[in-house]
Structure formats: structure tokens, C-alpha cells
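# Tertiary structure, described
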Amino acid sequence: MQQVAIIGAGTMGNGIAHVFAQGGFKVNLIDVSAPALEKALATIEKNLDRQLAKESITAEVKAQTLANLTTFTELAEGVKNTSLVVEAATENLSLKLKIFADLDRLAPADAILATNTSSISITQIAAATKRPAQVIGMHFMNPVPVMKLVEIINGYATDKSVTDKITELSRQLGKVPCVVNDYPGFVANRILMPMINEAIISLHEGVSGVAEIDTVMKLGMAHPMGPLQLADFIGLDVCLYIMRVLHEGLGNPKYAPCPLLVNMVNAGFLGVKSGEGFYKYQAGSKDLVVSPRFDS
């Protein structure tokens, strides 16, 4: 497996392209937007420079990593002659179903089709193709070049040989693979998102403030980041989407999203990406400032 295609040049897509290219694979990075591809390459180079400054890579590794990357705006050209395609487009079911129907038609018949989805059913995505045995989840964590975990998700029809190949491939990339089965939220988000939602409920019900809730979890539970700050980092819209997937898929009221989360998303306060969520963010500043809306 030497030629891979990554679909989507956003935060996750450029990170996945980075680790494959640094791992010695020829990578076709595909996005409908040429400016997004330019931005992705600039981000990858910036991250490589950071690794270079820390002396974790050499200048030769940086040069070879960049040389391994080719960008495409056309899906058909980008997936031609690939043995693996990893889709990292927006977390939207109808979009992913369309992409996988197109991939089934355009990618080589023996290619494995993987998705980086954090919550959407692999089985449902695979059903959009005529090769469900070759469809699998490959859920990287953000930031991809730093985080070691790859959550590998078997769809109902995923062939064991495909799982074995992707498991070994993840190890080749220097990652730690964990194989799970296809149920709402998989493992990572089935555990993480209810915790984040409960932190938001605690704030909503006046149990404590933003900084206090995060401090308790950081200092008391040894979490590197509090749940409210993490929610901002992930994106409150993404958190809400995943909670709705859990609520609908499992039918249990304990997964109902907190009304405060719903209101914040409806109002456009999405966290880091919008400049304000539970905290307020300013470009170039690393100071953590609680949003004035929650400032007691």
C-alpha cells in the first residue's frame, strides 16, 4: 500500500495527509477548493517546521514529506491508482454517502475505502457502495500529527482482512490502533461526549462556573484540558451533532443534548472556530479568558 488519497483539506484532512506523507506514502490530497489545498500545504509545512525546530525530524524528512504530497481538485484524478482512500470531509451524512457512492465508481476495485467520521455509522456509509466488505472507519484524533490513537471501526460487513491491513498500517504510521464495532459514537465519543454534555448541564444548572468545572476535571481527574475548553476546541456544533447521533441511535434520554448547548450553537457561538464559546479567543493570544456571558 504505497499510494493513498485523502479527501478533504481541512484540519483533519491535512493532518492525516501529513502523517501518511511523513510515513513514506505517496499522498493525493483532494478538495474541491484550490485555496483550501494551498492552505493545507502551508499548514503541513508549518507543522513540519515545528517538528524541525524540536529536532524530532531532519530537514531531509521535511523535504521528502512535502515531495510526497500532490493536490487535486477532481475526485476521479485524485483516487486513480490508489490502494486506500481516507475520507475526511465535513461530518455530514448526506455528503459522505455521496462521496462513497462516487468513490465506489471511481476508485480501483481493490481499493479500501476508509472514513474518518467521528460518529456516523460505518455500516450506513458502506451501504452506499457495492463493496461494503472493503469499507472501514479510520478515526484519527486531533491534532493528527501529535495524537497517537486511531480508532478503527468495523462496519457490519467489513472483512477481517481489511481490518488487519488497516491495523497494521496504523502501526506503520506510528499510531496505536484500537479496533471497535459500529455502534453510535463508537467508543471515543460514546464516552467523551456525554461527559462534555454533563459539564455543560452542570454549568446550565448553576452547579459551578466555567473555570471551576474545567479546573476540577484538570486537577482532580488529571485531564490535560477541561471538558468545556475541549468542547470549544472540538466545536460546539460538532458536539451537538454527535450528541444527537447518540440520542437518536440509542434512544436513551440520558444522551439528550443540554439546552444551553443547543442555544449556543443556534446563536453561532461555536468555540474556537467562531472566536467565542465557553471562553473568548483572540488571534495570537494563548490566554484562556472565560466568555463574559459566563463571567460570574
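Residues numbered from 1 in each chain as written. Predicted model: local features only at pLDDT ≥ 70, side-chain atom pairs only at ≥ 80, totals over all residues. Heavy atoms only, no water.

As annotated in an unreviewed UniProt entry, the protein chain is 3-hydroxybutyryl-CoA dehydrogenase from Chitinophaga horti. Per UniProt, the protein chain has the following entry under Sequence similarities (unreviewed entry): "Belongs to the 3-hydroxyacyl-CoA dehydrogenase family." (UniProt positions renumbered as here; feature names shortened; annotations may be inferred.)

## A closer look at the packing of helix H8 (residues 188-204) against helix H12 (residues 259-266)
The interhelical angle for the contact between H8 and H12, taken along N-to-C directions, is 95°, at an axis separation of 8 Å. Here H8 lies roughly perpendicular to H12, going by the angle between them. Facing Asn197, Ile200, Leu203 and His204 of H8, the residues of H12 in contact are Pro259, Leu260 and Leu261. Of the residues that constitute the contact of H8 with H12, the class distribution is 5 nonpolar, 2 polar and no charged. (Axes fitted to C-alpha atoms, helices over the stretch in contact; angles between N-to-C directions. Helix = DSSP H or I, 4+ residues; strand = E, 2+ residues; numbered from the N terminus. Parallel < 35°, antiparallel > 145°, perpendicular 65-115°, else oblique. Contact = heavy atoms within 4.5 Å. Nonpolar A, V, L, I, M, F, W, Y, C, P; charged D, E, K, R; others polar.)

## A few points about the pattern of salt bridges
Under the counting rule described, the total for this entry stands at 13 salt bridges. Between lysine 80 and glutamate 77 there is a salt bridge; the shortest N-O distance is 3.3 Å. In the salt-bridge network here, residues are joined through shared partners; they are Glu45, Asp49 and Lys62. (Salt bridge = Lys/Arg side-chain N within 4 Å of Asp/Glu carboxyl O.)

## A short note on the UniProt feature "domain: 3-hydroxyacyl-CoA dehydrogenase C-terminal" (unreviewed entry) in the protein chain
The feature "domain: 3-hydroxyacyl-CoA dehydrogenase C-terminal" (unreviewed entry), as annotated in UniProt, sits at residues 185-281 in this numbering. Secondary structure content for residues 185-281 is 62% helix and 2% strand, and the end C-alpha separation is 28 Å.

## A word on the nonpolar core
Core analysis: the biggest nonpolar cluster contains 33 residues, and Ile6, Phe20, Val27, Leu84, Met138, Phe140 and Ile166 have the highest contact counts within it. Examining the composition of this core, we find that 6 residues originate from one element, helix H1 (residues 11-22), more than from any other. Beyond its immediate chain neighbours, meaning those up to four positions away, isoleucine 166 contacts Leu84, Ile112, Ile136, Met138 and Ile152. In this structure, Ile200, Leu240, Leu260 and Tyr279 belong to the second largest nonpolar core, which totals 27 residues. (Core = buried A, V, L, I, M, F, W, Y, C linked by side-chain atoms within 4.5 Å. Buried < 20%, exposed > 50% of the residue type's maximum accessible area, 1.4 Å probe, protein only.)

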